[in-house]
Amino acid sequence: MTTTKGYVDPEYLQVVGEFLNQLKQRTYARMQIQTGHKVLDVGCGPGIDTMALSQLVGVTGEVYGVDYDEAMITEAEQRTQKAGISTWVKHKHSDATSLPFETGYFDSCRSERLFQHLLNPSIALKEMARVTKENGWVVVMDTDWGSGGIDTIEIDIERRLARFMSDNLYHNGYAGRQLYRLFKKQGLMNVSFDVLPLVVTNYTFARQIWSLDILECQAVEKKVVTEGEVKKIQMAFEQADADGVFFGYGCLTLVAGQKVG
Ligand SMILES: C[S@@+](CC[C@H](N)C(=O)[O-])C[C@H]1O[C@@H](n2cnc3c(N)ncnc32)[C@H](O)[C@@H]1O
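To keep things clear, this report deals only with the structure shown in the data block.

So, how was this worked out
Residues numbered from 1 in each chain as written. Predicted model: local features only at pLDDT ≥ 70, side-chain atom pairs only at ≥ 80, totals over all residues. Buried ≥ 20, exposed ≤ 12 C-beta atoms within 10 Å, placed from the backbone. Helix = DSSP H or I, 4+ residues; strand = E, 2+ residues; numbered from the N terminus. Pairing = 2+ DSSP bridges. Axes fitted to C-alpha atoms, helices over the stretch in contact; angles between N-to-C directions. Arc of directions from axis to C-beta. Contact = placed C-beta atoms within 7 Å. Near = placed C-beta within 6 Å. Nonpolar A, V, L, I, M, F, W, Y, C, P; charged D, E, K, R; others polar. Parallel < 35°, antiparallel > 145°, perpendicular 65-115°, else oblique. Core = buried A, V, L, I, M, F, W, Y, C linked by C-beta atoms within 7 Å. Right-handed = clockwise from strand over helix to strand, strands pointing away.

### Things to note about unusual backbone geometry
Its identity as a non-glycine residue notwithstanding, Arg-113 has a phi of 55°, on the positive side. Given 22 C-beta atoms within a 10 Å radius, Arg-113 is considered buried. We note that Asn-190 has phi near 50°; this positive angle belongs to a residue other than glycine. Tracing the chain through its elements places Asn-190 in strand E6 (residues 189–200).

What follows is the structure in structure tokens.
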């Protein structure tokens, strides 16, 4: 198991995956998948997307998922075995910056919420482009932790926590806004982008998907906020929740580009 910055477990990814299901479908559509295609998911986690992709390529296709966390790969392989799709869906332990596939092997390739963890996202994108065929699509959806916020009267505390989250909880908390530039610089063509808002109106769910316990703990440790300020903003959020007006949001960016020439 990996316990690096921003580590999340399979159960967390399952909950978020269900919440993001419609956005995930959009990434699959951008891959322009046909029956029999070979497709790759980089930073696949417990295999939520490789399982979905298996239905799109069918038994004559091939789906690979890679992740640098061995526990994720074991979980993904178990799920695949259980679903009876392991003849055409496989998972490998590998770093995104060095993919264990030959050049041009895949018809299309995706990654989701991986780039927020990467110190060198351009190297991962270069690798994704390398293993994709000519005319194939490279698709990345990632978070911009600097894009959102939570409505509260405690704006100063909220802003300090939001800034701390973007700057410190992930290696690359502004990944989403960088994707268009990375795709263009990589020489991918026909680049498209979508900015996709996620709104949460349930405080308990917000605490879970935005890992607010971890955020508050680390922010107090680093003296970004005091324990008293954390209590104050929690009370404001609880009041908003009790009044039925809790509102938080954040954006993901979905960028697709074609490998041409
Ligand atoms: C937020 S999770 C997203 C998982 C999956 N894409 C999903 O949508 O459910 C990020 C995943 O990226 C993996 N990861 C982080 N850095 C990586 C790297 N350098 N190479 C490969 N995988 C990495 C983590 O282990 C984790 O499974």
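### Describing the sheet that holds strand E1 (residues 38–42)
The sheet built from seven strands is open, its strands ordered E3-E2-E1-E4-E5-E7-E6 with mixed pairing. Only two strands of the sheet have a single partner each, and these edge strands are strand E3 (89–93) and E6. Direction aside, neighbouring strands of the sheet carry axes that sit 15° apart on average. With 10 bridges joining them, E6 and strand E7 (residues 248–258) adopt antiparallel strand pairing. Across the sheet, the residue bridging to Ser-192 is Ala-256, located in E7.

### Side note on helix H5 (residues 121–130)
Residues of H5 that are buried include every one of Pro-121, Ala-124, Leu-125, Glu-127 and Met-128, and no others. Buried positions in H5, seen along its axis, are confined to an arc of 160° and lie on one side of it. Where the residues of H5 are buried, they touch E1, strand E4 (106–112), strand E5 (132–150) and helix H7 (175–185).

### A word on the site of the ligand
Looking at the ligand, there are 20 residues lining it, with Gly-43, Gly-45, Tyr-68, Asp-69 and Ala-96 nearest. Contributions of two or more residues to the shell around the ligand are made by helix H1 (10–19) and helix H3 (48–57). Of the residues contributing to the shell around the ligand, the split by class is nine nonpolar, five polar and six charged.

### Quick notes on the packing of helix H6 (residues 155–169) against helix H9 (residues 212–221)
Two elements in contact, H6 and H9, have axes separated by 10 Å at closest approach and are oriented at 90°. Classified by the interaxial angle, the pair formed by H6 and H9 is roughly perpendicular. For the pair formed by H6 and H9, the contact residues are Leu-161, Phe-164, Met-165, Asn-168 and Leu-169 on the first element and Leu-215, Gln-218 and Ala-219 on the second. Of the residues contributing to the contact of H6 with H9, the split by class is six nonpolar, two polar and no charged.

### Observations regarding the nonpolar core
The nonpolar side chains of soluble globular proteins are, as a tendency, buried together. Counting 40 residues, the largest nonpolar core has Val-39, Leu-40, Val-42, Cys-109, Ala-124 and Met-128 as its most contacted members. With five residues, E5 is the largest single contributor of residues to this core. Residue contacts for Val-42: discarding those within four places in its chain leaves Val-66, Ala-96, Cys-109, Ser-111, Leu-114, Ala-124 and Met-128. Counting 14 residues, the second-largest nonpolar core is a separate cluster that includes Trp-145, Leu-161, Leu-212 and Ile-233.

### Concerning the pairing of E3
The two faces of a sheet get side chains in turn, since along a regular strand they alternate between them. Relative to E3, strand E2 (residues 62–67) is paired through five bridges, and the arrangement is parallel. Counted as the bridge partner of Asp-67 is His-93 from E3. You can see the chain leave E2, run along helix H4 (residues 70–83) and come back into E3, and the turn it takes is right-handed.

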